[in-house]
Amino acid sequence: MPHYRLVGEVPRKRHVQFRRPDGGLYAEELMGEEGFSSDSSLLYHRYLPTAIVKAEAVEPLLSETLQPNLPLSPRHFRTQDLASQGDLVTGRMMLSGNNDVRLSYATTDQPSELYRNSKGDECVYIQAGSARFESSYGALEVGAGDYVVIPTGTIHRWVPKGRVNALVIEAAGHIRPPRRYLSQFGQLLEHAPYSERDFRAPDQPLIVEGEEVPVLVRTRGGLTRLVYRNHPFDVVGWDGCLYPFVFNIDDFEPVVKKTHAPPPVHQTFEGPGFVVCSFMPRPLDFHPEAVPIPYNHHNVDSDEFMFYVGGDYSARAGSGIDVGSISLHPAGFTHGPQPGAVEAVIEAGATHTSEMAVMVDTFRPLDLGQGALSCEDPGYAWTWAR
């Protein structure tokens, strides 16, 4: 995040001696992005964060195989039909992906082991349920509607409180607020659809005792399980601008116009080769002759992955889309309201929409994973021809 935060105990100056009560030195760890030329945080450990006692290769946790979206077709996946098969890390069911981003779904009530994704940032959207997110930076209570953004290299684990359903967005780089929302110095501007007050972050250290603690690590080369001599949750304090944070979708402030506004007004985050958007309940277009639902549209540079998380989808009546559905509209296909939806909404005189959705637009084609193919509605593509 672009603003500074300090949690726990740190010395007055950076990179000076910081001693434990017994006189020994705390161990510094500088977590930095882009070769330490971008955001960073400085963590102070009770034990050496470098001390590992074992390393072993791990077979892929899920099918990494993706297949092209051929023949080219719009798709509808029903996550409601996916069954639990692990925790929030090992139980991810691959839906779609490319070299920039992987999109998967998890439904679980099991705690995960410690995990570090050193391939890129993650953004986990909690569709339903609640959990405790624990990391080297501290703990956060998260629940339905929360986006949990986890920086690359953060050791963390998930402890559900009952059943949790989540969409997992795994980037090949960093996930950040859109540049156009930020001042040249990193402050969120007044026209942004949220402010710094809407973000939650750890506010106190999390200390866990333990020895020979395994951590599952993902890199571009694959998976490894490292065993650390001491528990990685031993940070007594940290400061900086790099840390996990939470943003709830209900805090997104929609932008409205007299006539229908395109998807960029819903943008929430950006990553390398993709954007994340939040569609929220809002007043409909108020021009006296407005058509208050989306026009037929074709994003010629993007595939559109839309996860429907709440509300009523009047524009999709007759398509089979419901809460928990995911639609994939690839570049090369024009999509829009279902037949008859435009006339029905105008006749009804609707003034507000209750729809809620999380959208990921990618700038390279999305391939299909086994998780998506196992819950696909095969008739979806033909609903515009009825």
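The structure displayed is predicted, hence computed values, not measured ones.

The subject of this paragraph is the nonpolar core. Core analysis: the largest hydrophobic core is formed by 49 residues, its most contacted members being Tyr 147, Ile 169, Phe 269, Phe 305 and Val 358. If we skip the residues at most four places from it in the chain, Phe 305 touches Leu 95, Ser 96, Leu 103, Leu 167, Ile 326, Ser 327, Leu 328, Val 358, Met 359, Val 360, Asp 361 and Leu 366. In terms of nonpolar packing, the next biggest core, distinct from the first, is built from 20 residues, Val 89, Ala 106, Phe 133 and Val 168 among them.

Turning to the state of the cysteines, a few remarks are in order. Taken as a whole, this structure holds 0 disulfides when the rule is applied. Cysteine Cys 241 is unpaired, with the sulfur of Cys 123 as its nearest cysteine sulfur at 19 Å. Residue Cys 241 is classed as buried on the basis of its relative accessible area of 19%.

Let us now look at the packing of aromatic side chains. Overall, the coordinates contain 18 aromatic pairs when judged by the stated rule. An angle of 65 degrees between the planes, with centres 5.3 Å apart, marks the rings of Phe 333 and Trp 384 as edge-to-face. With a gap of 51 residues between them, Phe 333 in the loop between β24 (325-329) and α1 (341-348) and Trp 384 in the segment after α2 (370-373) connect regions that are remote in the sequence. Using a relative accessible area of 21% as the deciding quantity, one classes Trp 384 as partly exposed.

Another aspect to go through is the side chain of Ser 96. Inspection of the secondary structure puts Ser 96 in strand β6 (residues 93-97). What makes Ser 96 buried here is its relative accessible area of 0%. At 2.6 Å, the side chain of Ser 96 forms a polar contact with the backbone oxygen of Asp 367. Sequence-distant contacts of Ser 96, that is, excluding residues within four places in its chain, are made with Leu 66, Arg 102, Leu 103, Phe 305, Leu 328, Leu 366, Asp 367 and Gly 369.

What counts and how
- Counting restarts for each chain: residues are numbered from 1 in the order of the written sequence.
- pLDDT decides what is reported in this predicted model: residues at 70 or higher carry local features, side-chain atom pairs at 80 or more are listed and counted, and totals for whole chains, interfaces and linings draw on all residues regardless.
- Calculated side-chain values reflect all of the structure's heavy atoms, with hydrogen atoms and water omitted.
- Among the buried residues, those of types Ala, Val, Leu, Ile, Met, Phe, Trp, Tyr and Cys that are joined through side-chain atoms within 4.5 Å form a nonpolar core.
- Classification of residues uses two cut-offs on accessible area relative to the type maximum, computed with a 1.4 Å probe and protein chains only: under 20% is buried, over 50% is exposed, and between them is partly exposed.
- For this analysis, residues touch if any pair of their heavy atoms sits within 4.5 Å.
- In this description, the term disulfide denotes a pair of cysteine sulfurs within 2.5 Å.
- Two aromatic rings, drawn from Phe, Tyr or Trp (for Trp, its six-membered ring), form a pair once their centres lie within 6.5 Å of each other, and the interplanar angle then sorts them: stacked below 30 degrees, edge-to-face above 60, tilted otherwise.
- Counting from the N terminus, the helices are DSSP H or I runs at least four residues long and the strands are E runs at least two residues long.
- In protein, a polar contact means a hydrogen-donor-capable atom and an acceptor-capable atom, both N or O and within 3.5 Å, with residues adjacent in sequence counting only if both atoms are side-chain atoms; elsewhere, any N or O pair within 3.5 Å suffices.

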